[in-house]
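Descriptive analysis of the structure
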Amino acid sequence: MICRWLSLKEIHEDDIKYWKREIPRLMCEMQKYLPPSFFNAQEHYLIHQVEEIEMCGPVHTRSMWMVERHLKSLKALVRQRARPEGSMVEGYMVYESMVYISQYLPKLAAQAMHAVDCIWDVNSIKKFEREQLLGKGTMKKVRGN
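So, here's what we can say about the structure. Sequence positions are assigned chain by chain, starting from 1 and proceeding in written order. Selection of residues for local features in this predicted model requires a pLDDT of at least 70, selection of side-chain atom pairs for listing and counting requires 80 or more, and totals for whole chains, interfaces and linings are taken over all residues. Think of the side-chain values as coming from all heavy atoms in the structure, minus any hydrogens and water.

1. Digging into the pattern of salt bridges
Salt bridges are identified by distance alone: a Lys or Arg side-chain nitrogen within 4 Å of an Asp or Glu carboxyl oxygen. Within this structure, the stated rule accounts for three salt bridges. The partner of Lys20 in a salt bridge is Glu54, with the nearest N and O atoms 2.8 Å apart. Separated by 34 residues along the polypeptide, Lys20 in helix H2 (residues 13–33) and Glu54 in helix H3 (residues 41–56) bring together distant segments of the chain. Its salt-bridge partner being Glu29, residue Lys32 comes within 3.4 Å of it at the nearest N-O pair. In this pair, Lys32 and Glu29 both sit in helix H2, three residues apart, roughly one turn of the helix. A run of DSSP states H or I qualifies as a helix once it reaches four residues; a run of E qualifies as a strand once it reaches two. Both are numbered from the N-terminal end.

Written out as structure tokens, the structure reads:
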């Protein structure tokens, strides 16, 4: 409930006064039931977070959470540690291309289904039946049955 209140876009002054009183009380209650090893700087930070909201306004206006999440996804794209920036850019370009293709191909397939004129003739496919590309694109006949 506290974390939900901290991330609200609209915060009333009465709520700030309430949480300034309530958070330290809740921390004391938690210390009764939880071991001391549970508490670290994060729990203590809640007290200061309310003061920061009082001075600067809602958290969502200055939050870095979304930027940090995006940076995490970019870091996951790194495949070459010697040059992480280039690897990251290349990985992101591949990702963007795959998203574009995945959105574009179904539309293209739907258009092809309704197209009257075909690029190739079904009978012309038999001409290339026993051929395959080798090397720099030269066609060679494959011996077979």
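2. Quick word on the packing of H2 against H3
With axes taken as lines fitted to C-alpha atoms, and helix axes fitted only over the stretch in contact, angles between N-to-C directions fall between 0 and 180 degrees. The N-to-C vectors of H2 and H3 enclose an angle of 170 degrees; their axes lie 10 Å apart at closest approach. By the angle between their directions, the pair H2 and H3 is classed as roughly antiparallel. Two secondary-structure elements touch here, H2 through Ile16, Trp19, Lys20, Ile23 and Met27 and H3 through Glu43, His44, Leu46, Ile47, Val50, Glu51, Ile53 and Glu54. Each residue is assigned to one of three groups, with Ala, Val, Leu, Ile, Met, Phe, Trp, Tyr, Cys and Pro labelled nonpolar, Asp, Glu, Lys and Arg labelled charged, and all others, Gly among them, labelled polar. Across the contact of H2 with H3, the residue classes tally to eight nonpolar, one polar and four charged. With respect to orientation, any angle under 35 degrees is reported as roughly parallel, any angle over 145 as roughly antiparallel, any angle of 65 to 115 as roughly perpendicular, and every other angle as oblique. For this analysis, residues touch if any pair of their heavy atoms sits within 4.5 Å.

3. Examining a nonpolar patch on the surface
Two distance rules govern patches: like charges are joined within 9 Å, and nonpolar side chains (Val, Leu, Ile, Met, Phe, Trp, Tyr) within 5 Å, applied only to residues with over 30% relative accessible area and no salt bridge. Where accessible areas are quoted, they stem from the Shrake-Rupley method and a 1.4 Å probe; at the residue level, only the protein chains shown are allowed to cover. Taken together, the side chains of Val94, Met98, Tyr100, Ile101, Tyr104, Leu105 and Leu108 define a hydrophobic patch exposed on the protein surface, amounting to about 670 Å² of accessible area. Structurally, the position occupied by Val94 is in helix H5 (residues 84–114). Under the scheme applied here, a residue whose accessible area is under 20% of the maximum for its type counts as buried, over 50% as exposed, and between as partly exposed, the area being computed with a 1.4 Å probe on protein chains only. For Val94, a relative accessible area of 47% translates into the label partly exposed.

4. Re the nonpolar core
Here, nonpolar core refers to any group of buried Ala, Val, Leu, Ile, Met, Phe, Trp, Tyr and Cys residues whose side-chain atoms link them within 4.5 Å. Trp5, Ile23 and Ile53 are the most contacted members of the largest nonpolar core, which totals 13 residues. Contributions of two or more residues to this core are made by helix H1 (2–6), H2 and H3. Here the element with the most residues in this core is H2; it accounts for four residues. Those residues in contact with Ile23, other than ones at most four positions away along the chain, are Ile2, Leu46, Ile47 and Val50.

5. Things to note about the environment of Asp15
Its place among the elements puts Asp15 in helix H2. A C-alpha to C-alpha distance of 8.9 Å links Asp15 and Trp5, two positions ten residues apart in sequence.

6. Some points on the packing of aromatic side chains
We call Phe, Tyr and Trp rings a pair once their centres come within 6.5 Å, taking the six-membered ring for Trp, and we label the pair stacked below 30 degrees between planes, edge-to-face above 60, and tilted otherwise. Enumeration over the complete set of coordinates arrives at three aromatic pairs. Ring centres of Tyr18 and Trp19 lie 5.1 Å apart, and the angle between their planes is 75 degrees; this geometry places the pair in the edge-to-face category. Overall, the relative accessible area of 7% leaves Trp19 in the buried class. Ring centres 6.2 Å apart and planes at 35 degrees place the aromatic pair Tyr92 and Tyr95 in the tilted group. Here the residue Tyr92 and the residue Tyr95 both occupy positions in helix H5, the gap between them amounting to three residues, near one helical turn. For Tyr92, a relative accessible area of 30% gives the class partly exposed.

7. Structural notes on the environment of Tyr45
Considering the arrangement of structural elements, one finds Tyr45 in helix H3. Under the relative-accessibility criterion, Tyr45 is labelled partly exposed at 39%. Under the rule applied, a polar contact is a pair of N or O atoms within 3.5 Å (in protein, one hydrogen donor and one hydrogen acceptor; residues adjacent in sequence only if both atoms are side-chain atoms). A distance of 2.5 Å separates polar atoms of two side chains, one belonging to Tyr45 and the other to Gln49.

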